[in-house]
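# Survey of secondary and tertiary structure
These are the residues of each chain, in order.
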Amino acid sequence: MPITDRQIAELSRDLYSWSLRKVPDDTKAALRSARDAETSETARKTLNMMLTSAQAAEDGDRFVCSDSGVPVYFVRIGTKADWDADIKTAIRDGFTELVETIDPPILKHVTNPLTLERGYFGKDMPIVTYDLISGADYIEIVCSPKALGSGRWAAMELFTLPTMETIEAYILDVAIKAGSQHCPPVVMGVGIGGTFDYCAKMAKEATLRPIGSVNADPTLAALERRLTDAVNATGFGPMGTGGDTTALAVHANYAAGHAFTPVAVSFNCWINRRTRARIYGDGTVERIE
Amino acid sequence: MAEIRNCRLPLSEEDAASLRLGDMVTLDGRIVVTAGIPTHKRIVDCIHGKETLPVDLDHAAFFHLGSLSREKEDGTAGLDVLYMNPTTSTRFNDVMPEIIRHFKLRCVGGKGGLDAECARALGEVGGVYLSFLGGGSPLLSDAIRRVVDVAWTDMISHYRLVTLEVSALGPLTVAIDARGESLYDQIADQAVNRREAILESMRQARSRIG
């Protein structure tokens, strides 16, 4: 039995709804570690409130945040997956179903940038990125809705043959500019190289990596450690009211490019919205997170 | 740090003056909330006499919180507020000084803070800025005791001007005090001052790897 439109629509709908109500386990663990290590009392109390809020949302099946964001999905299609579906339409249908059925209702955040009119729907919504997974017999869908609080601080700059020092100083400066305003502690995603469009995608995808995972590339692993320490040394702290924890993690991806080098930085706020599931040809749905 | 202190709204001049940066408080009483830039512009229009403001903001607690309001399910009159949560206050930097000064707001708040001009305005009128927990919707919504009024229902939900009766709202962190001192400015200055030393630490860490 091939994977159907209905299965993809239902999963898209559910992944979004779950993402609004549950802070991922790795993120809660990182918040707990941060709380235990904090030297600022205000920061410890703030981190405790975050953990209490996350638990209250999970236990009561409630939204963690009122900004439900705009719908963003990543779809990775296994090259051995058996599917017979109009995936684009199915995801759009799933989001429409979410808007019509979710309880409580979500707020109207989707904005037409030309008129500033706001509603539930708009051109090119949901935003979906497609990719392939060699040899896999499933379709994987990641839902990571983007809200205003952290979404507006993403940045990119194009350098020419930059040194590592230039790259790292830029990333630190982007973090200093965001300052207290992106609901820290954040997860930072960094893209280095490739082209303008590909670099932004790498940065966004880097935010989705589990916290605590070590980058397979030793150069990037070292860069991530340096930048995590650097951003936390700024002192903005939880909710930007001071403390040792401004970033829960910095995750970086790189790609080869020309002599011009884009560097992109993306932020996820402390609730780090991210859900992921796989759907198989036999109808099984495996929720990964 | 002192224990979390409960304050009654409207906040008295003395209570506002007694709050120190970093103090945590909970609030009881009446608050007015909105998350809309168009709402703020409309409030400024009201100040200039173009429209009548439907709520009393004098010395009020006015917060940057977005909320979902809808018709009551039992069919009775008025609206229910199902949840609320803060939005980034710096988005309102350009209009807040006038609003703070005109209404002599005793309490403003949201998340992410306000700029130096807003802090100056708060210092002039003896008001404070309180930092709410972003992603605190379950905790903040549980503090709602009664929906007093939902004004400007011609606007989308989170732009409306909503008056609520709350109990034990918070804890909230005092981030700009009644003298206009701003924790945000202090922390941002500190980060900028630390920048060179942080870059040097990264330089040393890179050289250790070779």
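Report on the accompanying structure. Only a predicted model underlies this, so the values are computations on that prediction, with no experimental measurement involved.

This paragraph deals with the overall build of chain B. A count of helices and strands for chain B gives six helices and eight strands. N-terminal to C-terminal, the α/β element order of chain B is β-α-β-α-β-β-α-β-α-β-α-β-β-α. The principal-axis extent of the C-alpha atoms belonging to chain B is close to 70 × 35 × 35 Å. Counting the 210 residues in chain B, one finds 48% classified as buried. Considering only contacts within chain B whose residues lie at least 6 apart along the sequence, 64% involve residues at least 24 apart.

With that settled, the discussion passes to the sheet that holds strand β8 (residues 247-255) of chain A. All names here are of chain A. Reading across the sheet, the four strands line up as β6-β9-β7-β8 and stay open at both edges, with mixed pairing between neighbours. Only two strands of the sheet have a single partner each, and these edge strands are β6 (155-160) and β8. Within this sheet the neighbouring strands show an average axis-to-axis angle of 15 degrees, counted without direction. In the sheet, strand β7 (residues 186-193) pairs with strand β9 (residues 260-268) via six bridges, with the strands oriented antiparallel. Among the inter-strand pairings, Ile192 is bridged to a residue of β9, identified as Val263.

Attention now moves to unusual backbone geometry. The residue after Asp103(A), namely Pro104(A), is reached through a cis peptide bond having omega -5 degrees. Looking at the secondary structure, you find Pro104(A) in the loop between α4 (87-101) and β2 (110-111). A cis amide bond, omega 0 degrees, links Leu9(B) with the succeeding residue Pro10(B). Notably, Leu161(A) is not glycine yet its phi reads approximately 40 degrees, a positive angle. Look at Trp152(B): it is not a glycine, yet its phi comes out positive at around 60 degrees. Relative to the assigned elements, Trp152(B) resides in the loop between β7 (144-151) and β8 (161-176).

Think of interface size as the accessible area that goes away when the parts come together; that is how it is often given. Taken together, the contact between chain B and chain A spans 47 residues of the former and 48 residues of the latter. When residues of the side of chain B that touches chain A are traced back to their parent elements, those giving at least two are β3 (61-71), β4 (79-86), α5 (137-141), β8 and α6 (183-209) of chain B. Looking at the side of chain B that touches chain A, the element that brings in the most residues is α6(B), giving 17 residues.

Counting 115 residues, the largest nonpolar core has Ile171(A), Met188(A), Val190(A), Ala61(B), Leu122(B), Val128(B) and Leu130(B) as its most contacted members. Per element, the largest residue contribution to this core is nine residues, and it comes from β8(B). Shared between two domains, this core holds at least three residues of each, these being domain 1 (5-22 + 64-147 + 273-287) and domain 2 (148-268) of chain A. Setting aside anything within four residues of it in sequence, one finds Met188(A) in contact with Ala175(A), Val231(A), Ala247(A), Val250(A), Val265(A) and Phe267(A). Counting residues in each nonpolar core, the second largest holds 22 residues, with Tyr73(A), Ala81(A), Ile91(A) and Phe95(A) among its members.

So, how was this worked out
- Residues numbered from 1 in each chain as written.
- Chains lettered and ligands numbered in written order.
- Predicted model: local features only at pLDDT ≥ 70, side-chain atom pairs only at ≥ 80, totals over all residues.
- Helix = DSSP H or I, 4+ residues; strand = E, 2+ residues; numbered from the N terminus.
- Buried ≥ 20, exposed ≤ 12 C-beta atoms within 10 Å, placed from the backbone.
- Contact = placed C-beta atoms within 7 Å.
- Pairing = 2+ DSSP bridges.
- Axes fitted to C-alpha atoms, helices over the stretch in contact; angles between N-to-C directions.
- Core = buried A, V, L, I, M, F, W, Y, C linked by C-beta atoms within 7 Å.
- Domains from an automatic or database assignment.

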